[in-house]
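# Inside the fold
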Protein chains: 2
Amino acid sequence: MNAEHPIDAANAVPHAAPSIGGPILSISRRTRSTPFSRRVEASGVRGYTVYNHTLLPTVFESAEADYRHLKSHVQVWDVSCERQIELRGPDCAKLAQMLTPRDLRRIQIGQCLYAPVVDETGAILNDPVLLKLAEDRWWVSIADSDVQYWAQGLAVGRCLDVDVAEINVSPLAVQGPKADQLMSRVFGEGAEDIRFFRARWLEFNGTSFLVSRSGYSKQGGFEIYVEGDALAEPLWDALFTAGADLNVRPGGPNLIERIEGGLLSYGNDMTRENTPFECNLDAFCTPETAFGCIGRSALLREAEAGPKRRIRGLAIKGERTPSCREPWPVRIGSERVGQVTSAAWSPDFGVTVAIGMLDRGHWEPGTEVVVDTPGGRRTATVCLLPFEQV
Amino acid sequence: MNAEHPIDAANAVPHAAPSIGGPILSISRRTRSTPFSRRVEASGVRGYTVYNHTLLPTVFESAEADYRHLKSHVQVWDVSCERQIELRGPDCAKLAQMLTPRDLRRIQIGQCLYAPVVDETGAILNDPVLLKLAEDRWWVSIADSDVQYWAQGLAVGRCLDVDVAEINVSPLAVQGPKADQLMSRVFGEGAEDIRFFRARWLEFNGTSFLVSRSGYSKQGGFEIYVEGDALAEPLWDALFTAGADLNVRPGGPNLIERIEGGLLSYGNDMTRENTPFECNLDAFCTPETAFGCIGRSALLREAEAGPKRRIRGLAIKGERTPSCREPWPVRIGSERVGQVTSAAWSPDFGVTVAIGMLDRGHWEPGTEVVVDTPGGRRTATVCLLPFEQV
């Protein structure tokens, strides 16, 4: 029985935590190891995925045990797979604005901005976080696609004075309710003073690392941008030594927690088939003032007409489902009105929490729908994200 | 013990075939399943990798059992991960030539060309096979990077009249010495008449599929470009029914066989750190006449100076090594002269066959070197690729 692996779904025991099993990942140089991989593997990682051609740990004990721990204590995550694409040169702000329909005119040095990247049709190519380090030096902390190729193609095509390069920076995330305590023990009081989505340089072992208050969970925490390999293991070890009494453990982005928190995943909940408006990213998509964005005209048109579908949460009733490997049809009667793209049993909500996309006319919270899961037909209720305890 | 997983290398038994174990792959919508995945999993796939955001089966029985079978019989491979990027429109030949330093002026309709894609510095971004279907319609059968973003960025940046899109085509490979027999049973005599790296439309169940004589092994065979999902499982089933007495089995690109055959792997043996000349791709890199190629000037300079390193084979003596997850240093005395990037024990050669890169002055066949593997220091002999039985 294996929630990762729907071919065994028929044998699944309702509401029992899934065990770990299924095909192994064949690891090679192409599925890049990270400066933390030795520590991750010595900690007994049980599941990996591949993200930006790089290993990303997914499971240490089980999805549910890791979830419970993340919501109670503090975890250290090897998110080296969040590769940093450096834009450097006099045209780097111009290029950044070509990439995204978010208005970047007021971004400050040391600020992080979530900024979807779109092509000339308004289709999402990636949903990175932009980090402005200096007027002529930005980092793009990317989701799972080689969006640097798009940026470089535009820069070469338009003869911009900017270099685009993936640099040797490996983010390490510290996430969970005790993250502030742990970080201040290792980096001093400066860590706790960092505001949400702001970054500052903090010292560790005589070297300054950029540290931001951010991360792919709703439990609070930080991301440390570790440059080079030399201090990666010393930093990992320092966090585990300093956090022993905080019950620190290794972890990774947790499927259950991120669905509860409404954190979208590029490749899962949104793809090139979608626009930022369809993904509810209206707050990060302002084509009216994003002058220079390649997708501006297409998105201005969509802003006027409104998107034809929207991302929503769905609370799926009944027994535990297998995990979602391919979109699950959502219906009202015989009419297909959308699809589910991520789903996981939530111990805290007592339902299967899911993220999907609903067609216009059917996305109102409270709408009752049917979801065709590989485990059978289920009823579900549409809701807003993040999920809120009722 | 697990050759995929060097942390267990210290316990490895010399010359024993490795068993399958290690972290599982967490599968989601983002690691795309294919139209063949249900058949692949019903066949008991034991190892996967992720390639172009898509599942690629790597192991069914064991690397060595799969290797022996591939060299003796016929296998069916789900290589849907070789995504097809379609270039369509009046400027598609112009865009194709911008991408590659191979002279494309003489490519004919129905011809396949292996053509490295480079950026403006001559760095390799991908090493696809180009397929010319019509004057205004080309397919780019890509290796593991989102090179469509580069092509689209250039097309938008330069205002070319060409669309760039990943299309719903899932290649299925038929590889091995009995591939001609099996293909002619399913597609008729037309299959056997296809010349190497040529493609032709053949009928299956009333639908025409493009079929080429090509594939990522040296055992001979075909690739069938399956459009859409509807006929994928019927085609898989027809091949297994027709091939029962040929001992047909599912398989995938085999590490041992592809190293013996000198087939390079993008992300393993070559990366953006390299140029086509460094990768011995001189026959596919002719910047003198590749007018319009974005990397032409850089590669013309390198053609004059000669590359500073070259890909070579290495025969590594002694006990079985773990698999290569990160480059292994190659030395002569205390001087570092190169690195190994792929390695596997070859039952037929009785040594560990490897692919690596040697600095100028040290790449002559017969050069004796030392390789620092995770299993210990080994002596090795530099050789040309493919490996040849002595």
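Residues numbered from 1 in each chain as written. Chains lettered and ligands numbered in written order. Predicted model: local features only at pLDDT ≥ 70, side-chain atom pairs only at ≥ 80, totals over all residues. Heavy atoms only, no water.

## Quick look at the interface of chain A and chain B
Here is the rule: Residue contacts are defined here by distance: any two heavy atoms, one from each residue, within 4.5 Å place the two residues in contact. Once two parts are brought into contact, the accessible area they lose, counted with a 1.4 Å probe and summed over both, makes up the buried area. Just to be clear on terms, a salt bridge is a Lys or Arg side-chain nitrogen sitting within 4 Å of an Asp or Glu carboxyl oxygen. Two N or O atoms count as a polar contact when they lie within 3.5 Å, although within protein this holds only if one can serve as hydrogen donor and the other as acceptor, and sequence-adjacent residues are included solely when both atoms are side-chain atoms. For the purposes of this entry, the term helix denotes a DSSP run of H or I that reaches at least four residues, the term strand denotes a run of E that reaches at least two, and both are numbered from the N terminus. All amino acids are sorted into three groups, where Ala, Val, Leu, Ile, Met, Phe, Trp, Tyr, Cys and Pro are nonpolar, Asp, Glu, Lys and Arg are charged, and the leftover types, Gly among them, are polar. At least two bridges found by DSSP between two strands are what make those strands a pair.
Taken together, the 60 residues of chain A in the interface contact 60 residues of chain B. Buried area between chain A and chain B, summed over both chains or domains, comes out near 5200 Å², and the portion from carbon and sulfur atoms is 50%. For chain A, the biggest contributors to the area lost against chain B are Arg29, Arg30 and Tyr149 of chain A; these three give 18% of the whole. Where chain A touches chain B, the interface holds four salt bridges. For the pair chain A and chain B, the number of links is 41 residue pairs in polar contact (both at pLDDT 80 or more). Put simply, the parts of the chain that give the side of chain A that touches chain B at least two residues each are strand S1 (24–25), helix H1 (37–42), strand S2 (47–51), strand S3 (54–59), helix H4 (147–157) and strand S19 (335–346) of chain A. By residue number, the principal contributor to the side of chain A that touches chain B is H4 of chain A, which donates nine residues. When the residues that make up the side of chain A that touches chain B are grouped by side-chain class, the tally is 22 nonpolar, 24 polar and 14 charged. Note that S2 of chain A and strand S1 (residues 24–25) of chain B share two bridges and pair parallel. Following the sheet pairing, Tyr48 of chain A is matched in S1 of chain B by Leu25 of chain B.

## Some points on helix H4 (residues 147–157) of chain B
Residue and element names in this part refer to chain B. Operational definition: Only protein chains enter the accessibility calculation, which uses a 1.4 Å probe; a residue is then buried when its area is under 20% of its type maximum, exposed when over 50%, and partly exposed in between.
The buried fraction of H4 amounts to 11 of the 11 residues, a majority that puts the element mostly inside the structure. Among the residues of H4, those classed as buried are Val147, Gln148, Tyr149, Trp150, Ala151, Gln152, Gly153, Leu154, Ala155, Val156 and Gly157. Cys159, located one to two residues past H4, shows a positive phi value of around 55 degrees.

## Topic: the pairing of strand S19 (residues 335–346) of chain B
Residues and elements named next belong to chain B. S19 sits mainly inside the fold: nine of its 12 residues count as buried. In this structure, strand S18 (residues 328–332) lies alongside S19, joined through five bridges in antiparallel fashion. Bridge pairing in S19 links Val330 to Gly338. Where S18 hands over to S19, the hairpin turn is made up of two residues, of which Gly333 adopts a positive phi near 65 degrees.

## Looking at the nonpolar core
In plain terms, the rule: The nonpolar core is taken to be a set of buried Ala, Val, Leu, Ile, Met, Phe, Trp, Tyr and Cys residues, with the residues joined through side-chain atoms within 4.5 Å.
Membership of the largest hydrophobic core comes to 128 residues, with the highest contact counts inside it found for Leu87, Leu95 and Trp150 of chain A together with Leu87, Leu95 and Trp150 of chain B. If you look at the next biggest cluster of nonpolar residues, it comprises 69 residues, including Val40 and Val174 of chain A together with Phe60 and Phe187 of chain B.

## What about the confidence of the model for chain A?
All names here are of chain A. The criterion, for reference: Predictor confidence is given residue by residue as pLDDT, running from a minimum of 0 to a maximum of 100.
Taken over all residues, the pLDDT of chain A has a mean of 94, while the share at 70 or more is 95%. Contacts from residues 1–18, a stretch scored under 50 in pLDDT, to residues over four places away or in other chains number 38 contacts. Scored as a complex, the prediction yields pTM 0.95 and ipTM 0.94.

## Quick word on the relation of the copies chain A and chain B
Put simply, the test is: A residue counts toward the fit only if its pLDDT is at least 70 in both copies, and the copies are then superposed by least squares on the C-alpha atoms of those residues.
Under the fitted operation, chain A is carried onto chain B by 0.0 Å of movement along the axis and a turn of 180 degrees, and the coordinates agree to an RMSD of 0.0 Å. Read as a symmetry element, the transformation amounts to a two-fold axis. Comparing interface residues between copies, 100% of those in chain A also sit at the interface in chain B, which points to an isologous, same-surface contact.

## Details of the side chain of Glu257 of chain B
Its location among the elements puts Glu257 of chain B in helix H7 (residues 255–260). With near-sequence residues (within four places) excluded, Glu257 of chain B lies in contact with Tyr67, Leu70, Lys71, Tyr216, Ser217, Lys218 and Gln219 of chain B.

## Looking at the environment of Arg296 of chain B
All names here are of chain B. With respect to the helices and strands, the residue Arg296 is situated in helix H8 (residues 296–305). Classification of Arg296 as partly exposed rests on a relative accessible area of 22%. Separated by 10 residues in sequence, Arg296 and Thr286 place their C-alpha atoms 8.8 Å apart. Once residues within four sequence positions are removed from consideration, Arg296 is found in contact with Pro287, Glu288, Ala290 and Phe291.

## A short note on the sheet that holds strand S11 (residues 163–166) of chain A
All names here are of chain A. The criterion, for reference: Only C-alpha atoms enter the line fits that serve as axes; for helices the fit covers just the stretch in contact. Angles between N-to-C directions range over 0 to 180 degrees.
Spatial strand order, S6-S9-S10-S5-S11: five strands in an open sheet with antiparallel pairing. The open sheet terminates on both sides in strands that have one partner only, identified here as strand S6 (112–114) and S11. Looking at each pair of strands side by side, their axes are set apart by 20 degrees on average, direction ignored.

## Remarks on the sheet that holds S18 of chain B
As a general point, the strands of a sheet are linked pairwise by backbone hydrogen bonds and lie either parallel or antiparallel. Here we have six strands rolled up into a closed barrel, ordered S17-S20-S19-S18-S21-S22 (chain B), and antiparallel in their pairing. Neighbouring strand axes in the sheet, compared pairwise and without regard to direction, differ in orientation by 40 degrees on average.

## Description of unusual backbone geometry
Trans is the prevailing form of peptide bonds, just as negative phi is the prevailing case for residues other than glycine. Residue and element names in this part refer to chain A. Along the chain, Leu385 connects to Pro386 via a cis peptide bond; the corresponding omega equals -5 degrees. Here Asn52, not a glycine, exhibits a phi torsion of approximately 50 degrees, which is positive. Mapped onto the elements, Asn52 comes out in the loop between S2 and S3.

## A few points about the pattern of salt bridges
Residue and element names in this part refer to chain A. Applying the stated criterion across every chain, the model contains 50 salt bridges over all chains. One salt bridge in this structure joins Arg68 and Asp348, with 2.5 Å as the shortest N-O distance. Of this pair, Arg68 sits in helix H2 (residues 63–70) while Asp348 sits in the loop between S19 and strand S20 (351–359), placing them 280 residues apart in sequence. Since its relative accessible area comes to 37%, Arg68 is described here as partly exposed. Overall, Asp348 belongs to the partly exposed group, its relative accessible area being 29%. Residues Asp372 and Arg331 are paired through a salt bridge, measuring 2.8 Å at the closest nitrogen-oxygen approach.

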